[in-house]
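# A look at the structure
Each chain, written out:
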Amino acid sequence: MESDIAHSIPVERVYSTLSSALSNDHGTRTAAEQQLRAWESDAAPGFIGSLLNVAAEVQAVPEEGRLMAAVVAKNAVGSSWRKTLGSREWSRVPDDEKQYIRTTATAVLLGDPSDRVALQITLLITNIARFDVPQPWEGLLPDLMAAAAEESPVAPAGKQRALTTLKHVLQALRGKKFVISTPTDARLLTEQEFEELADGIQRQRLQLEQQCKALLAPLRMQWEQHTAALLGGGEGWARRGGSAAAALSAIRELMHVLQDFEGIEEAITALLTELQQAAAAIAPLLLSGPLAAAASAAGGEAAAAGSGGDPQLQRWQLLGKNWERLLQVALVTMDRHTFQFAAHLPPLMSLCINAALLAMDASLVHHIRPKARVVLVRFCARALLQQLYRRDFVDGSNSETRFISDLGRSTIAKYRPQLLAASDALDALLAPAQCPQLVEAIVQKYIMLSPDEVAEWEADPESFARNVDVETSPDADTPRPCGVALLECMLERADEPVAAALLAMAAQQQAAPLTPSNILVREGTYRAIGECFPHLRSKVDFNAWYSSELRLILHSSELTGLHGSILRAGALWLVGVCGAELQPAPWTDALGLVVQHVSHADVVVALMAVSAATALLGNCLEESQFVSQPPRRKKLQLEGAGGLSLHGLALSDDEEEQGDTLAAQVDAEFRSHLDAVEGQTDALIGACFALLPRLGEIESMVRVLQCVSSSVELLGDRLRPHLATICSALPQARVVWQVISQRKQQGAGGLARLHSALISTVTHLLLRLGSAAVADSRVAALLFPLLQHATNLGSPDAEPLVDDGLRLWSAVLATSEQLPPPLQELAVQRLPAILRRGQDTTACLKIAEGHALLGGLPAMAPLMGQLAEAITGSLAAAVAMALQTAAAVKQLLAAPPGQDQQQLHRSSVKGFSAEQATESTTAATLLSLLVQLLDQAAAPGSQPPELPAELQPAATAAAAMAAVDFGSGVVRLPALGLTLVEACLEPVGRLLFKQPTLLPALLSGNAEAEIRLLDRWVVLGGARDIAEMFVPSMGVLGRVRRHRAAVTLCSLLYADTCPAMRSPDRAAQALVLGIRAAREQEQFARDQHRLQEMPPAHDSAHSDQLVLRRLALARADPVRAIDAREAVKAAAAKPGSLVAQLHQQQQQQDGGEVAMLATPQQLGSGPR
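Residues numbered from 1 in each chain as written. Predicted model: local features only at pLDDT ≥ 70, side-chain atom pairs only at ≥ 80, totals over all residues. Heavy atoms only, no water.

### Description of the overall build of the protein
- Each helix and strand counted, the protein has 57 helices and zero strands in total.
- The buried share of the protein, taken over its 1168 residues, is 52%.
- Put simply, the protein shows about 50300 Å² of open surface, and 54% of that area lies on carbon and sulfur atoms. (Helix = DSSP H or I, 4+ residues; strand = E, 2+ residues; numbered from the N terminus. Buried < 20%, exposed > 50% of the residue type's maximum accessible area, 1.4 Å probe, protein only. Areas by Shrake-Rupley, 256 points an atom, 1.4 Å probe, with all protein chains shown as cover.)

This is the structure:
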């Protein structure tokens, strides 16, 4: 292996490393891959050249080795040729090596026998072209064009590769960014140097434009030659047809790159004329005649693939591919060069409409290439929507023309005849005389059910229903969404004639006898009207249509068999799509009929009824959002029934009244709809759960479960009277569980979605039905196995289901009056493993809190070690993050004045994340609850129990977090750290209230940390949020916070065991906080009285049992029972010497709250 350049890395070594990278031995392969990555990341001189040298050795290196070399070279060029498109730095690849790579890559592309290797080389050349075309690789485009010429000596495969590579290169050059190295820092360049650089960039732009324009003539010539051979069907038509398609792809990309047609006007005109002529020649062969008949007879996938060795099908397939590329070129040219294309639009549009829509056989629509269908519809749609092809826009009568620039106006004037001709041609297609025929063709050939679909409905109804759902995707390429898209664009351009034709077709079908063929057309018309309903809303009285036709169809007992089901399904689909238009009475009637059809014998009808019910429930949910949100109502009042406007600063009285009337009407409609849904709840949920055992498709089951979830979400607490019906129906959902169990090997994606839907449905039901549902044995038979599977980390679909499982677990806890034994067993089995994983710690800690609230300390005993470890780890991580923040602050303060402070801060610390703060706050909350439960477990009058050994590190971590130095003082805390510090002060305060001597042990004797904690506690405890003035609940929480801090700090003063509290200033601040709390004592007492009157700890009607348990704990909190006035009186009276110091300090200063601490006797008369 030799090359024309000297390689810093020997070729033999590169080849040996490549061979090792293909080794079956894991260690050998890993070491080789690491070496290759190191060479690539370092842009090692000689590396890429050696790779190309290996790829060029066809005789000496096997295909796998050459392929590996090409792939690595492609990736290396993409990452190291230049670092980025916008970089000012060149890689260390020498220029002579780059030249060798360019030359060798072209040779390998044209000569390697392996198409796989050639493909990678194509991508490599494309990567290089992004940077080195037009300079220094000015010969790439003409060389590829010359190699692709029919008369060139290159082998046929090489010619095809040259065209393909040319397409890729042009595609890469679309948004070419020119990068030029500057001799010095750009900020130091003179104006002349800047102009020289700009001139250099402009020269490269012009050079690229000239090279691309020079490609047009030879590309067009080659395409003409190949197309003529394909149309003639002579020798070599298969190869020439592929080359014709490749040439059209290159032309398509060339149209993207070209900015204008200056200098090549005649060539462009000739090309577009020949494109039109070629399309006219291909259309009869593709869409009618013997080849089309053979494709239609072959049917299905055989015709689409052109396989089986049948030359006719292969030729038909090639014609379809070229037809598709022709339309793509036309579409790009119309989008990019709208003015120049206008003259060629009328004949091409007429050909598409007449040949591809009106004349083409309906069966052929389903056999033609999907991309060809899409691009045909897209071309017609873009033409119909193009503003420049509208007469009012060209004439200037359209309101949007006021935004056109002077240059745009002059260009419109220049091409005015062509633009008006294009507009007239499009308008003629939608004229009243032509439009009905076109609408009928679209409905019958694109939208109506095909014979294959009818057969699929009968043979595999669930598969049919799933495919219909897939067609609703905006990226779907099946005939139906393509036809709907074209109809919508026609309505956008000329709504009156198109709507009239569509509604006339519907009226005609309504009067026609119900034969199988007429039923199919009628269903297709339903589908067309429903899909285009936003354009037809003002022209269709859906209430009258429902009463006169759809209701009769759904009530009819004569519509039997498959075609009867097709018509029923179409009517149900329409009700789902347009049901929001119904008045309350017909809406209620329609909902009842929809619910009845959920139990229909035909699975497709049943699933369509489920979808319609979900849509009607969705309408109600939207109404509920309006009813419950005043801002939306105000917005509606401003808009009014007829689009009311402000007309200045305020609405008129009439507009206000009209808005109020409309808002009241919506409220009344929502109440009516909600009553109707509640009346059908038993039937709907029962029918949905009864339908589940009849289904086998995952998507079908998900659809049913989503319908149930929607009804539960809408009804809320109104669902509780239906508990008996739901509990009796819910066991039928076990079929979902059976499907999950039986199909574990079929792929986790669909099963995970099904499992997630089931969990979501059960969660909704539990939260709405309350504790009675959890206690029901029928619910438990589904609930606990579901939780077991969802939280099993060993399951293949565990990753997407654990979150859903933990939400369901939380819902069970919230709706349980007592801790269910299966849940306690589940906690022992699952929580430790999930905690060790470290991804759902917050959810696990919240679940543990629920177990503690319901089961007390006995429920915590088996998990105490793991939970304590999780609490400690979470708080310790928060402390470490806070210390990093402090170090970063110090680094910023010590940085020189000229250094970039923002960059220094970003590089030094990331700061608290919301997830970290939430997790640590949850950990502190759980710790506080455990401490409170331990205190309550002690016998009355006994000494406070020792903190269990497992929890001591957690308590130490909480104290460390409460006292941590963020680097910005005692009070200035990060926004995310403030709530966390307050949460950590809670358990620390509970511990110190019982054991005032514990503070040094919690902070490991760190005196500075003790001072910081106490000062922070005084300030945070005494803070008053402005929201307390306006939100009563915030005022209650504020008084609780101040009371707790005051009582605890006063207990520390009274105990006189904390040296830091002997500081006069700190003691004074603590007493001031106590006096503030004493002033609020009467109001605080009223808050506690209201707390005692709240619901008891056990109330089965309450929606959240955990809230009741928290209230019960709050009522039993000993700190709340202490009178703040007595606490501050005792604290002031105990340390007599300290009070004397305060008096002495008072005499040396004026005013302030310290003056209020006159004597203990004065304090005894009450707070002043």
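### Thoughts on the packing of helix H16 (residues 345-359) against helix H22 (residues 435-447)
- With their axes 9 Å apart at the nearest point, H16 and H22 run at an angle of 50 degrees to one another. Here H22 runs oblique to H16, going by the angle between their axes. Here H16 contributes Ile353, Ala356, Leu357, Leu358 and Ala359 to the contact with H22, which in turn contributes Gln437, Leu438, Ala441, Lys445 and Tyr446.
- Here the contact of H16 with H22 is built from residues that sort into eight nonpolar, one polar and one charged. (Axes fitted to C-alpha atoms, helices over the stretch in contact; angles between N-to-C directions. Parallel < 35°, antiparallel > 145°, perpendicular 65-115°, else oblique. Contact = heavy atoms within 4.5 Å. Nonpolar A, V, L, I, M, F, W, Y, C, P; charged D, E, K, R; others polar.)

### Re a nonpolar patch on the surface
- Nonpolar side chains collect at one region of the surface, where Ile1026, Met1029, Phe1030, Val1031, Met1034 and Leu1037 lie side by side and expose about 640 Å² of accessible area between them.
- One can find Phe1030 in the loop between helix H50 (1007-1022) and helix H51 (1032-1055). (Patch = residues over 30% accessible without salt bridge, like charges linked within 9 Å, V, L, I, M, F, W, Y side chains within 5 Å. Salt bridge = Lys/Arg side-chain N within 4 Å of Asp/Glu carboxyl O.)

### Notes on the layout of surface pockets
- A volume near 1300 Å³ is recorded for the largest pocket.
- For the lining of the largest pocket, the elements supplying multiple residues, two or more each, are helix H43 (841-860), helix H46 (914-937), helix H48 (975-994), H50, H51, helix H53 (1081-1093) and helix H54 (1105-1115).
- Of the residues contributing to the lining of the largest pocket, the split by class is 18 nonpolar, eight polar and 14 charged. (1 Å grid on protein atoms, 1.4 Å probe; cavity = no way out; pocket = protein on both sides within 12 Å on 5 of 7 lines; lining within 4 Å. Points joined across faces, edges and corners; volume = space filled by probe spheres on them.)

### Quick word on the packing of aromatic side chains
- Across all of its chains, the model carries seven aromatic pairs by this definition.
- When the ring of Trp39 is compared with that of Phe47, the centres are 5.4 Å apart and the planes differ by 45 degrees; the resulting orientation is tilted.
- Taken together, the ring pairs connect Tyr526, Phe533, Phe542 and Trp545 into an aromatic cluster.
- Above the plane of the ring of Trp573 lies Arg527, whose end atom (NZ or CZ) is 4.2 Å from the centre. (Phe/Tyr/Trp six-rings, centres within 6.5 Å; stacked < 30°, edge-to-face > 60°. Lys NZ or Arg CZ within 6 Å of the ring centre and 35° of its normal.)

### Quick word on the pattern of salt bridges
- Under the defined criterion, the tally for this structure stands at 49 salt bridges.
- Of the charged contacts, one joins Arg240 and Glu150 as a salt bridge, the two residues approaching to 4.0 Å between their closest N and O atoms. One end of the pair, Arg240, is in helix H10 (residues 237-257); the other, Glu150, is in the loop between helix H7 (140-148) and helix H8 (156-172), and 90 residues separate them in sequence.
- On the basis of relative accessibility, which here comes to 15%, the residue Arg240 falls in the buried class.

### A look at the side chain of Thr922
- Mapped onto the elements of the fold, Thr922 is located in helix H46.
- On the basis of relative accessible area, Thr922 is assigned to the buried category, the value being 7%.
- From its side chain, Thr922 meets the backbone oxygen of Thr918 in a polar contact 2.8 Å long.
- If we skip the residues at most four places from it in the chain, Thr922 touches Thr842, Leu845 and Lys846. (Polar contact = N/O pair within 3.5 Å; in protein donor to acceptor, adjacent residues only side chain to side chain.)

### Things to note about H53
- Taking 1.5 Å per residue, 13 residues should reach 18 Å; H53 reaches 18 Å between its end C-alpha atoms and fits that length.
- Regarding H53, the residues found buried are Gln1081, Phe1084, Asp1087, Gln1088 and Leu1091. Angularly, the buried residues of H53 cover 115 degrees about the axis, an arc narrow enough to put them on a single face. Across from the buried face of H53, at angles greater than 90 degrees, the exposed residues are Glu1082 and Glu1093.
- Summarising the contacts, the buried residues of H53 are in contact with H51, helix H52 (1064-1079), H54 and helix H55 (1124-1133). (Expected span 1.5 Å × (residues − 1). Arc of directions from axis to C-beta.)

### Considerations on the nonpolar core
- Of all hydrophobic cores here, the largest spans 361 residues; its most connected members are Phe47, Phe379 and Met490.
- With 13 residues, the top contributor of residues to this core is helix H32 (residues 603-628).
- Ignoring any residue separated from it by four or fewer positions in sequence, one finds Met490 in contact with Leu384, Leu430, Cys435, Leu438, Val439, Ile442, Asp495 and Val498. (Core = buried A, V, L, I, M, F, W, Y, C linked by side-chain atoms within 4.5 Å.)

### Quick notes on unusual backbone geometry
- The omega angle of the peptide bond from Val133 to Pro134 is 10 degrees, so this bond is cis rather than trans.
- By the element assignment, Pro134 lies in the loop between helix H6 (115-132) and H7.
- Positive phi outside glycine occurs at Ser1004, with the angle close to 55 degrees.
- Structurally, Ser1004 is set in the loop between helix H49 (999-1002) and H50.
- According to the relative accessible area criterion, Ser1004 is exposed, its value standing at 63%.
- You will see that Asp1056, though not glycine, has its phi angle at about 55 degrees, which is positive.
- The topology assignment puts Asp1056 in the loop between H51 and H52.

### Digging into the environment of Thr164
- Tracing the backbone shows Thr164 in helix H8.
- By relative accessible area, Thr164 is classed as partly exposed at 26%.
- The sequence separation of Thr164 and Ser243 amounts to 79 residues, and the corresponding C-alpha distance is 9.0 Å.

### Looking at the packing of H16 against helix H18 (residues 370-385)
- Direction vectors running N to C along H16 and H18 enclose 130 degrees, while the axes themselves pass 11 Å from each other. Taken together, the axes of H16 and H18 lie oblique to each other. The way H16 lies across H18 gives a crossing that is left-handed. Judged by residue contacts, Leu345, Leu348, Met349, Cys352, Ile353 and Ala356 of H16 engage Leu376, Phe379, Cys380, Ala383 and Leu384 from H18.
- Taken together, the residues that form the contact of H16 with H18 break down as 11 nonpolar, no polar and no charged. (Left-handed = near helix turned anticlockwise from the far one by under 90°.)

### A few points about a negative patch on the surface
- A cluster of acidic residues, Glu191, Glu193, Glu195, Glu196 and Asp199, forms a negative patch at the surface.
- You can see Glu191 is positioned in helix H9 (residues 191-232). (Lys, Arg positive; Asp, Glu negative; His and termini not counted. Charge placed at Lys NZ, Arg CZ, Asp CG, Glu CD.)

### With respect to H16
- Between its terminal C-alpha atoms H16 stretches 19 Å, which fits the 21 Å expected from 15 residues at 1.5 Å a residue.
- Listed in full, the buried residues belonging to H16 are Leu345, Leu348, Met349, Leu351, Cys352, Ile353, Ala355, Ala356, Leu357 and Leu358.

### Details of the environment of Glu138
- Residue position: Glu138 is located in the loop between H6 and H7.
- Considering only alpha carbons, one finds Glu138 and Gln211, 73 residues apart in sequence, at a separation of 8.3 Å.
- Setting aside its immediate chain neighbours within four residues, Glu138 contacts Gln207 and Gln211.

### Overview of the environment of Leu854
- Its location among the elements puts Leu854 in helix H43.
- Judged by its relative accessible area of 6%, Leu854 falls in the buried class.
- With 251 residues separating them in the primary sequence, Leu854 and Gln1105 have C-alpha atoms 8.5 Å apart.
- Once residues within four sequence positions are removed from consideration, Leu854 is found in contact with Leu813, Ser816, Glu817, Gln818, Leu819, Leu1106 and Arg1109.

### Description of the side chain of Glu462
- Note that Glu462 resides in helix H24 (residues 461-470).
- Residue classification places Glu462 among the buried positions, given a relative accessible area of 10%.
- Beyond its immediate sequence surroundings of up to four residues, Glu462 is in contact with Val603, Leu607, Arg694, Leu695, Gly696, Glu697 and Ser700.

### Things to note about the confidence of the model for the protein
- Within the protein, residue pLDDT values average 84, and 86% of them lie at 70 or more.
- Within the protein, no element has a lower average pLDDT than helix H57 (residues 1160-1164), which sits at 38, and none a higher one than helix H31 (residues 584-597), at 96.
- Within the model, pLDDT remains below 50 along residues 1-7, and this stretch shows 19 contacts once partners closer than five positions in the same chain are excluded.
- Taken as a whole, residues 81-90 scores under 50 in pLDDT and shows 23 contacts with residues more than four places along the chain or in a different chain. (pLDDT = per-residue confidence, 0-100.)

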